[in-house]
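# Close look at the chain arrangement
For reference, the chains in residue letters:
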Amino acid sequence: MKWRAYPQDVLPLWVAEMDVPQAEPVVRALTDALRRGDTGYPAGTAYAEALARFAADRWGWDGLAVGRTAIVPDVMLGAVEMLKLVTGRGDAVVVNCPVYPPFYQFVRNMDRRVEEAPLDADGRLDPAALAAAFARATAGGRSAAYLLCSPHNPTGTLHTAAELAAVAALAREHGVRVVVDEIHAPVVAGGATFVPYLSVPGGEDGLSLLSASKAWNLPGLKAAVAVAGPDSAADLARLPEEVSHGPSHLGIIAHTAALDHARDWLDAVLAGLDANRRSLAALLAEHLPGVRHRPGEATYLAWLDCRALGLGDEPADAFLERGRVALNAGTSFGTGGAGHVRLNLATSPEVLAEAVRRMAKAVE
Ligand SMILES: Cc1ncc(COP(=O)(O)O)c(C=O)c1O
């Protein structure tokens, strides 16, 4: 999608796809499956088992119980299914704006309303804003859910264990159920560690969505896993069986191979992303000093505050029209998005440098 949606003279740094050659173990697993004629429906728990191994090795978390998992078509459709388990039509879903635009689109498309709890000025979870949103969401005794993005897209904020525990306590206090999108979990900066929501005190009744899709660049090979904690296992058990028909069998093979056998590849990608994060900061300081940017500790997305450039609410328009660089439009991320753009830095250093130079030209 990234390189097909715009004319050829446009550099695309928008949708969350990475410009990387695929990991050999993934290529091999897929090729072997095709050679075997193994192209039927998905079955079994191999994906969840690989995730449990990865979670134990990378995050020191032994709490991913394969018996409390389900395969789902992808992370967003999995989130929709989890929200259906804990809310009804017309109920509210709380989100931390600015946030990944499909959080609005998918929630509204399932006849729930979105209640915004803005991140604070540092791009972190704001307990006061969340408490107010939880109170609005549950007014009149309604059920409500909180769709937490961890790590956060677009700011790259990596939530701490203390922040997540505070959020869990608040949600319990208000009777709000937490569904957490942890798709970016493996993509952290050097020295940083992701904390699974279900591992924090109070998170036991959460429902999490995990996938190898972002970290190994597999979004075209659809699959994800829904994970319940000990206190939400009964909810996940109500998931209709037909949801498990949605993921692709080849997707599951690819994701499983990635988690088990392409960890060196991931480490090389993470090192490249660290270098790109540093180089983006330097490029912006040199060519676009008016842009404010706080490098995130996770994801390969950068959230750029362009309000000082005088490009109006949607600077992505000028960067595209005058600079021939495609970025994500800030207003699509909800309240707090005006005057911002999201840049995908998972590309070559050359493309990244050329993109920033072109963006600078667009404001000359
Ligand atoms: C936070 C977040 N959730 C979900 C998705 C989409 O995942 P999927 O394709 O598995 O639905 C993305 C893609 O960029 C994302 O950033």
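What you see is a predicted model, and the numbers here were worked out from it, not measured in a lab.

### Quick word on the overall build of the protein
Scanning the protein from terminus to terminus reveals 11 helices and 13 strands. Taking 21 Å as the expected radius of gyration for a compact globule of 364 residues, we find that the protein reaches 20 Å, a close match to that expectation. Projected onto its principal axes, the C-alpha positions of the protein cover 60 × 60 × 35 Å. Burial status across the protein gives 49% buried among its 364 residues. A separation of at least 24 residues holds for 75% of the contacts in the protein among residues at least 6 apart in sequence.

### Overview of the pairing of strand β13 (residues 340–344)
Within β13, five of the five residues are buried, which leaves the element mostly enclosed by the surrounding structure. Both faces of β13 are covered, namely the face carrying H340, R342 and N344 and the face carrying V341 and L343. In the sheet, strand β10 (residues 301–305) pairs with β13 via five bridges, with the strands oriented antiparallel. When the sheet's bridge partners are listed, A302 is paired in β13 with L343. Sheet topology note: the strand β12 (residues 328–329)/β13 ladder contains two bridges and is antiparallel. Opposite N328, over in β13, you have R342 as the bridge partner.

### Here's the deal with unusual backbone geometry
Residue P98 is reached from C97 by a cis peptide bond, and omega for that bond is -5 degrees. Counting through the fold element by element, P98 comes out in the loop between β3 (92–95) and α4 (102–109). Looking along the chain, the bond that leaves S150 and enters P151 is cis, with omega of -5 degrees. Structurally, the position occupied by P151 is in the loop between β5 (144–149) and α6 (161–174). One non-glycine residue, T299, adopts positive backbone phi at about 70 degrees.

### Concerning the domain arrangement of the protein
Its domain assignment divides the protein into domain 1 (11–22 + 264–362) and domain 2 (25–261). Computed over C-alpha atoms only, the centres of domain 1 and domain 2 are separated by 25 Å. Of the residues lining the interface, 26 residues belong to domain 1; the matching set on domain 2 comes to 30 residues. For the side of domain 1 that touches domain 2, the elements supplying multiple residues, two or more each, are α9 (263–287), β10 and β13. If one sorts the elements of the side of domain 1 that touches domain 2 by residue count, α9 sits on top with four residues. Considered class by class, the residues forming the side of domain 1 that touches domain 2 number 11 nonpolar, nine polar and six charged.

### Digging into the site of the ligand
Around the ligand, the surrounding shell holds 13 residues, and the nearest of these are A16, D74, V75, M76 and N153. Here the shell around the ligand is built from residues that sort into eight nonpolar, three polar and two charged.

### Examining the packing of helix α2 (residues 46–59) against helix α8 (residues 249–261)
One can describe the packing of α2 onto α8 by two numbers: an axis separation of 9 Å at closest approach and a directional angle of 20 degrees. Between α2 and α8, the interaxial angle falls into the category roughly parallel. Note on packing geometry: the crossing formed by α2 with α8 is left-handed. Packed against α2, whose contacting residues are A46, Y47, A50, L51, R53 and F54, the element α8 presents I252, H255, T256, L259 and D260 at the interface.

### With respect to the sheet that holds β12
Adjacent strands of a sheet pair through backbone hydrogen bonds, lying either parallel or antiparallel. Read from one edge of the open sheet, four strands run β9-β10-β13-β12, paired in antiparallel fashion. Of all the strands in the sheet, the pair left with one neighbour each is β9 (292–293) and β12.

### Thoughts on the nonpolar core
Formed by 117 residues in total, the largest nonpolar core has its most connected members in L51, V94, L147, V225 and A258. Setting aside residues up to four positions removed in sequence, L51 forms contacts with L64, L210, V225 and L259.

### Some thoughts on the sheet that holds β3
The strand order across the open sheet formed by seven strands is β2-β8-β7-β6-β5-β3-β4, and the pairing between neighbours is mixed. Only two strands of the sheet have a single neighbouring strand rather than two, namely β2 (69–72) and β4 (113–116). Within this sheet the neighbouring strands show an average axis-to-axis angle of 25 degrees, counted without direction. Here β3 runs beside β5; their pairing, made up of three bridges, is parallel. Bridged to V94 within β5 is Y146. Lying on the sheet, helix α3 (residues 75–86) is in contact with β2, β3, β5, β6 (177–181), β7 (207–210) and β8 (224–228); it crosses β6 at an angle near 175 degrees. Strand contacts of α4: β3, β4 and β5, with the helix running at about 145 degrees to β4, the strand carrying the most contacts.

### With respect to the pairing of β10
Within β10, four of the five residues are buried, leaving the element largely enclosed by the surrounding structure. In this structure, β9 lies alongside β10, joined through two bridges in antiparallel fashion. Within β10, the residue paired with R292 across the bridge is D305.

### Here we look at the packing of helix α1 (residues 24–36) against α8
Between α1 and α8, whose axes approach to 8 Å, the crossing angle comes to 145 degrees. For the crossing formed where α1 meets α8, the hand is right-handed. Of the residues in α8, those touching α1 at P25, V26, A29, L30 and A33 are L250, I253, A254, A257, A258 and H261. Counted by class, the contact of α1 with α8 contains 10 nonpolar, one polar and no charged residues.

The rules we used
- Residues numbered from 1 in each chain as written.
- Predicted model: local features only at pLDDT ≥ 70, side-chain atom pairs only at ≥ 80, totals over all residues.
- Helix = DSSP H or I, 4+ residues; strand = E, 2+ residues; numbered from the N terminus.
- Rg over C-alpha atoms; globule rule 2.2 N^0.38 Å.
- Buried ≥ 20, exposed ≤ 12 C-beta atoms within 10 Å, placed from the backbone.
- Contact = placed C-beta atoms within 7 Å.
- Pairing = 2+ DSSP bridges.
- Domains from an automatic or database assignment.
- Nonpolar A, V, L, I, M, F, W, Y, C, P; charged D, E, K, R; others polar.
- Near = placed C-beta within 6 Å.
- Axes fitted to C-alpha atoms, helices over the stretch in contact; angles between N-to-C directions.
- Parallel < 35°, antiparallel > 145°, perpendicular 65-115°, else oblique.
- Left-handed = near helix turned anticlockwise from the far one by under 90°.
- Core = buried A, V, L, I, M, F, W, Y, C linked by C-beta atoms within 7 Å.

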